[in-house]
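Structural characterization, general
So the chains spell out like this:
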Amino acid sequence: MIRKATLAFSVAAIAMVPALSAHAQERQAPAPVLTTPEAQDAWTYAEPAEARVSHVSLDLVTDFDHRRIYGTATLDITAADDADTLVLDDAGLQIGAVTDGEGRALPYELGAAKNVDAMGEALGRPLTIAIGDARQVRIDYVSALDASALQWLPPEATAGGEKPFLFSQGQPISNRSWIPTQDSPGIRQSWDARITVPEGLVPVMSGVRQADDMHEWGNGWTSYRFVMDNPVPPYLIALAVGDLTHRDLGPRSGVWAEPSMVDAAAEEFGDVEAMIDAAEDLYGPYRWGRYDMLLLPPSFPYGGMENPVMTFLTPTLLTGDRSNTDVVAHELAHSWSGNLVTNASWRDSWLNEGFTTYFENRIMESLYGAERAAMYADLDRGAMIADIDDAGGMDAPSTRLHGEPGETAGQLDYFKGSTFLRTVEKAVGRDRFDAWLRSYFDRFAFQPQTSAGLIADMRANLLTDAEFAAIGVEDWIYGPGLPDNAVHPESETLKAVDAQLAAFNAGGPASAVDTEGWATQQWLRFLRGIDRTQDAARLAELDEALNLSNSGNAYVQSAWFELAIANRYEPAVPAMRAFLDNVGRMLLIRPIYAGLVEQGDWGMEIARSAFTQSRSGYHPIAANMVEGILASE
């Protein structure tokens, strides 16, 4: 039953910010691909064929004392003539009022949550609004308590230690916990926002900051305004607030970070302007204006997040040798594959990640040469084979690229997807492949895409029938495992590491391993290749010779702790617990917790104790991931 409801807001400051006017611009019609069966998104309640959100205007206050965001969202609606309801996604929002563009109350109801195993309660509930003939809806609301997208950090969890920090992480479907909208990647939306923050803090967003639209209220609050004119998937609306400062890196690039970290970040990411040039030379113009990066606190759960005009990055990239800037190249490449052309549903996340991993490697080749690119690709192949093995082998359903949302094993969306594209490139030649991919980004710019749509485009614009059959395109995308024609990049640099690895595994001394000048990728090749069964004396020798427990490289530490756990090596446990307490990146902590669980009672005791101590510093997404690992016992 549709009902009317109100909520008395406990914080009165909402009244001090006048409502934003509607953002006037041309609205894109719903993409035709959204009407196809492959584009149906199981992770949304929205019904975009009936009524879809085309623009979101936010007017929000960040309340650090109560760890909530509150204010209004004004939604512009594109709807069929006979549509009289709008369905949004909601994950714990507190709704105060729902009105139309004229301020008239609109009835609404919150429905029952779906029972979807892959995401569980993260799907939230449908928010159905009786819009009648209204085509603009205003919602007064407060973000969900413990919103899954938001992490509120106390001052002591930041580099400076004096001011709090807030950041959001929306992908894949967490933004519904702080923004009432249709939280589905195929339902692209432009947006604008006014963000009001405590005086002395600085907000940044994945939109262009309006330099002439900052307002100091004189009562301890300051407002900033941001605009994103390009329609984007809603998971790309992102916010961070903290003690932030900026360094320019080039005419259209820069880095934001806390003052004590900004110089190190500027040095580590100094190649970014050259990366943008290389990317444009490959696949066409960068269409987002600026490319800034934000260095986040250690609790950020990912290596990077490709939010438009403001890539979010983990501080674990700061190793002083730029060996992990492939992550920056990856997030930059998302400006084409993912942000410009987006998977219509999470069944096809490989269309974002596989294309981006391929593109990232081409950027690295352009800047640093073929051998460095081969090193990255060779290491990725090893991870791909490990993911397939962990999934149960070549016949495992979770090794398909197009499958059930969220169920692709490990990082196969990235590595199997990029291997497929590399295999197509080899079959048709680089010149033909590059010309097609550049035109593909042009043809589908600012549109969602499906596997079926990609296949149709390849047939129409790249592959002959004979080439299509010889490559086995549909087997690659819809079938499990790794086809026999998969291209295998080989790195001479890693072969040299493999020679030292073989000598060590044959009993050679750890002191003979020459790590001078090793990049992260060489360290990972060596550590992951060490025979998994070692005695305590051998592990002590290895740790002492290579300083693994105290390494300044988080990737090296994580790989070392995996080996130590496999052998229940107690001397590494204190350093491992300190690592888990200071790093929230899921790529680095997931294998540690998983390895501990595999060790039975010994590992479970350590894992539970470490999680109890460290959980408050993890982003909700990372905390949920660890809970799932511990529950898998």
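Residues numbered from 1 in each chain as written. Predicted model: local features only at pLDDT ≥ 70, side-chain atom pairs only at ≥ 80, totals over all residues. Heavy atoms only, no water.

**Quick notes on the side chain of Thr316**
As for its position among the elements, Thr316 is in the loop between β20 (310–313) and α3 (326–333). Among the polar contacts made by the side chain of Thr316, one reaches the side chain of Arg585 at a distance of 3.2 Å. Aside from chain neighbours lying at most four places away, what touches Thr316 is Asn324, Ala554, Tyr555, Val583, Arg585 and Leu588. (Helix = DSSP H or I, 4+ residues; strand = E, 2+ residues; numbered from the N terminus. Polar contact = N/O pair within 3.5 Å; in protein donor to acceptor, adjacent residues only side chain to side chain. Contact = heavy atoms within 4.5 Å.)

**What about the environment of Leu527?**
Within the secondary structure, Leu527 sits in helix α12 (residues 520–529). In sequence terms Leu527 and Asp63 are 464 residues apart; their C-alpha atoms lie 45 Å from each other. When neighbours within four sequence positions are excluded, Leu527 is seen to be in contact with Arg532, Leu548, Val556, Ala559 and Trp560.

**A word on the nonpolar core**
Considering soluble globular proteins, one finds that nonpolar side chains tend to be buried as a cluster. Membership of the largest hydrophobic core comes to 192 residues, with the highest contact counts inside it found for Ile129, Ile139, Phe269, Phe420, Phe526, Leu542 and Tyr593. Considering every element that reaches this core, the biggest residue donor is helix α14 (residues 554–566), with nine residues. (Core = buried A, V, L, I, M, F, W, Y, C linked by side-chain atoms within 4.5 Å. Buried < 20%, exposed > 50% of the residue type's maximum accessible area, 1.4 Å probe, protein only.)

**Looking at the confidence of the model for the chain**
Residues shown with low pLDDT carry predicted positions that ought not to be read at fine detail. For the chain, the average pLDDT comes to 93, and 94% of its residues sit at 70 or higher. This model gives residues 1–28 a pLDDT under 50, and the stretch forms 67 contacts once residues within four places in sequence are excluded. (pLDDT = per-residue confidence, 0-100.)

**Some remarks on helix α17 (residues 601–614)**
Between the first and last C-alpha of α17 there are 20 Å, a value that for 14 residues agrees with the 20 Å anticipated at 1.5 Å per step. Among the residues of α17, Trp602, Gly603, Met604, Ile606, Ala607, Ala610, Phe611 and Ser614 are the ones counted as buried. Elements in contact with the buried residues of α17: α14, α15 (573–582), α16 (586–598) and α18 (620–631). (Expected span 1.5 Å × (residues − 1).)

**Side note on the sheet that holds strand β3 (residues 85–90)**
Spatially, three strands are ordered β3-β6-β5 in an open sheet, and the strand pairing comes out antiparallel. Where the open sheet ends on each side, the last strands, each with one partner, are β3 and β5 (108–110). Put simply, the sheet's adjacent strands are angled 20° from each other on average, direction ignored. In terms of strand pairing, β3 meets strand β6 (residues 125–130) through six bridges, oriented antiparallel. When the sheet's bridge partners are listed, Asp89 is paired in β6 with Pro126. (Pairing = 2+ DSSP bridges. Axes fitted to C-alpha atoms, helices over the stretch in contact; angles between N-to-C directions.)

**A closer look at the pattern of salt bridges**
Using the criterion set out here, one finds 26 salt bridges in the structure. Put simply, Glu267 and Arg322 hold a salt bridge, and the shortest N to O gap is 3.3 Å. Of the two residues, Glu267 sits in helix α1 (residues 262–268) while Arg322 sits in the loop between β20 and α3, which places them 55 residues apart along the sequence. Using a relative accessible area of 51% as the deciding quantity, one classes Glu267 as exposed. For Asp457, the salt bridge identified is with Arg443, shortest N-O distance 2.7 Å. Remark: Arg443 occurs in helix α7 (residues 430–443) and Asp457 occurs in helix α8 (residues 451–461); sequence separation between them is 14 residues. Here Asp457 falls in the buried class, since its relative accessible area comes to 5%. Looking at Arg443, the relative accessible area reads 36%, which means it is partly exposed. (Salt bridge = Lys/Arg side-chain N within 4 Å of Asp/Glu carboxyl O.)

**Points about the packing of aromatic side chains**
Applying the stated criterion across every chain yields a total of 30 aromatic pairs. For the pair Tyr286 and Trp336, a centre-to-centre distance of 5.9 Å together with 55° between the ring planes defines the contact as tilted. Here Tyr286 is found in the loop between α2 (272–283) and β18 (291–295), whereas its partner Trp336 is found in the loop between α3 and β21 (341–343), with 50 residues between them in sequence. Lying across the ring of Phe468, Arg459 places its NZ or CZ 3.6 Å from the centre. Above the face of the Phe504 ring, Arg538 is positioned so that its terminal group lies 3.9 Å from the ring centre. (Phe/Tyr/Trp six-rings, centres within 6.5 Å; stacked < 30°, edge-to-face > 60°. Lys NZ or Arg CZ within 6 Å of the ring centre and 35° of its normal.)

**Details of the environment of Leu236**
Along the chain, Leu236 falls in the loop between β14 (221–232) and β15 (239–242). On the basis of relative accessibility, which here comes to 0%, the residue Leu236 falls in the buried class. Along the sequence, Leu236 and Gln171 sit 65 residues apart, while their C-alpha atoms lie 7.3 Å from each other. When near neighbours in sequence (up to four residues on either side) are disregarded, Leu236 contacts Asn175, Ser206, Met305, Glu306, Asn307, Pro308 and Asn339.

**Some details on the sheet that holds β15**
Sheet architecture is open: four strands sit in the order β8-β9-β15-β11, paired in antiparallel fashion. The open sheet has two edge strands with one neighbour each: β8 (150–153) and β11 (202–205). Strand after strand, the sheet turns through a mean of 10° between neighbouring axes, direction not considered. Sheet topology note: the β8/strand β9 (residues 165–168) ladder contains four bridges and is antiparallel.

**A word on the packing of helix α4 (residues 350–368) against helix α5 (residues 370–391)**
Interaxial distance between α4 and α5 falls to 7 Å at its minimum, and their mutual angle equals 150°. Between α4 and α5, the angle is such that the two are roughly antiparallel. Between α4 and α5, the residues in contact are Thr357, Asn361, Met364, Glu365 and Tyr368 and Ala370, Arg372, Ala373, Tyr376, Ala377 and Asp380, respectively. The residue inventory of the contact of α4 with α5, partitioned by class, reads six nonpolar, two polar and three charged. (Parallel < 35°, antiparallel > 145°, perpendicular 65-115°, else oblique. Nonpolar A, V, L, I, M, F, W, Y, C, P; charged D, E, K, R; others polar.)

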